[in-house]
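Here is how the chains run, residue by residue.
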Amino acid sequence: MPWNFSKALKNKKCFQISSVLRYSKAKLGLVGKIVVKNFAFFELKFLNNFGMALEDILKKIKKETDNQIRKIWEKTDEEMRKIEEKYEEEINKKRSKILELAKEEAKKKIRHSQIKLSLETKNLILAKKQEILEEVYQEVLDKFSKLQDKDYLRLILNLIKICPENGEIIPARGREEITQKAILASKRKYILAKRSLPIKGGFIFSSKDLEIDNSFETLIKTIREKTEIKIAKILFG
C-alpha cells in the first residue's frame, strides 16, 4: 500500500500551527472562525498535495533506481558473457594447440615406426633372399658331390689340366681312385698324396711354390661371386 504522507502528519500532529489554530478558534469571533476554517482547509489541501507530490517523487526515484539497477545487471551479465567467451576462446585455442602438438607427435611416432618397420622388413626380405641363394648354391654343390664316376672323372681331368705340370694332388676323401685315373689320363707327372681331405669333391694342388684350391666348395664360392647378382635378378626380379 502506498505511503500517505498527509495522513501521517495529521495523525501524529506534526505541525505546531494546528495547535495554534485550535487555540485561536476558541478565542476569536465569527471572523476568526472563518479564517481558521479556511486556513485549516488550506492546510489539509497543502498536506494532501505535498504527500501526493512526495509519493510521485518516490515512485519516480524507485523506478529510475530499478532501471539503473537493471541496466547495471544487464551490463554485468554482458561483461560476464564476454569474459566467459574470451576464456572459452583461449581454452579452445590451447586445446587446439595441444591437440595439434599431440597429432604432430603422433605423426612423428608413426613415421618413425613406419621407417623402422620398413627397415626391418627390408632386412628380413634381404635375409630371406640370402637364405634362398644359399640354398640354391648349396644344392648345386650337393649335385656336384653326387656326380657319377664318369662325369666326375671328366671334371677332375679338366681341373688338373689347368694346374702347373709338377706337383702333388690331394684328393677328396672317398674319391681317391677316380682322382688317380684322372692323373694318369692327364699324362703329367703328378703325385697322388697318400692323405685325403674331407671335402665334397675336387682336390688341392700343392707344390713347393704354389697351392691351388680346386675343391668343389671353393669352386662354387668362386662361381657364386661371379653369378649371384644375375641369379638374384632371375629369382627375385
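Here is a short report on the structure shown in this document. Residue positions are counted from 1 within each chain, in the order its sequence is given. For a predicted model such as this one, the threshold for reporting local features is a pLDDT of at least 70, and the threshold for listing and counting side-chain atom pairs is 80 or more; totals across whole chains, interfaces and linings nevertheless cover every residue. Hydrogens and waters are ignored; side-chain quantities use all the structure's heavy atoms.

1. Focus: the side chain of S186
Turning to step 1, where the next piece is worked out: In this description a helix means any DSSP run of H or I spanning at least four residues, a strand means any run of E spanning at least two, and both kinds are numbered starting from the N terminus. Looking at the element boundaries, S186 is found in helix α5 (residues 176-186).
Turning to step 2, where the next piece is worked out: What makes S186 buried here is its relative accessible area of 11%.
Turning to step 3, where the next piece is worked out: Filtering out sequence-adjacent residues up to four positions away, S186 remains in contact with L157 and I160. Residue burial is assigned from relative accessible area. The probe radius is 1.4 Å, only protein chains are included, and a residue is buried under 20% of its type maximum, exposed over 50%, and partly exposed in between. Throughout, a residue-residue contact means that at least one pair of heavy atoms, one from each residue, lies within 4.5 Å.

2. Some words on the pattern of salt bridges
Turning to step 1, where the next piece is worked out: The working definition used for a salt bridge is a side-chain nitrogen of Lys or Arg within 4 Å of a carboxyl oxygen of Asp or Glu. Applying the stated rule across the entire model yields 9 salt bridges.
Turning to step 2, where the next piece is worked out: The salt bridge involving R81 is made with E85; its shortest N-O contact spans 2.4 Å. Of this pair, R81 and E85 both sit in helix α3 (residues 30-145), 4 residues apart, which is roughly one turn of the helix.
Turning to step 3, where the next piece is worked out: A relative accessible area of 36% means that R81 is categorised as partly exposed.
Turning to step 4, where the next piece is worked out: Among the residues examined, E85 registers a relative accessible area of 43% and is labelled partly exposed.
Turning to step 5, where the next piece is worked out: The shortest N-O distance in the salt bridge between K93 and E89 comes to 3.7 Å. With K93 and E89 both in helix α3 and 4 residues apart, this pair spans about one turn of that helix.
Turning to step 6, where the next piece is worked out: Judged by its relative accessible area of 44%, E89 falls in the partly exposed class.
Turning to step 7, where the next piece is worked out: One network of salt bridges, in which partners are shared, links E78, R81 and E85.

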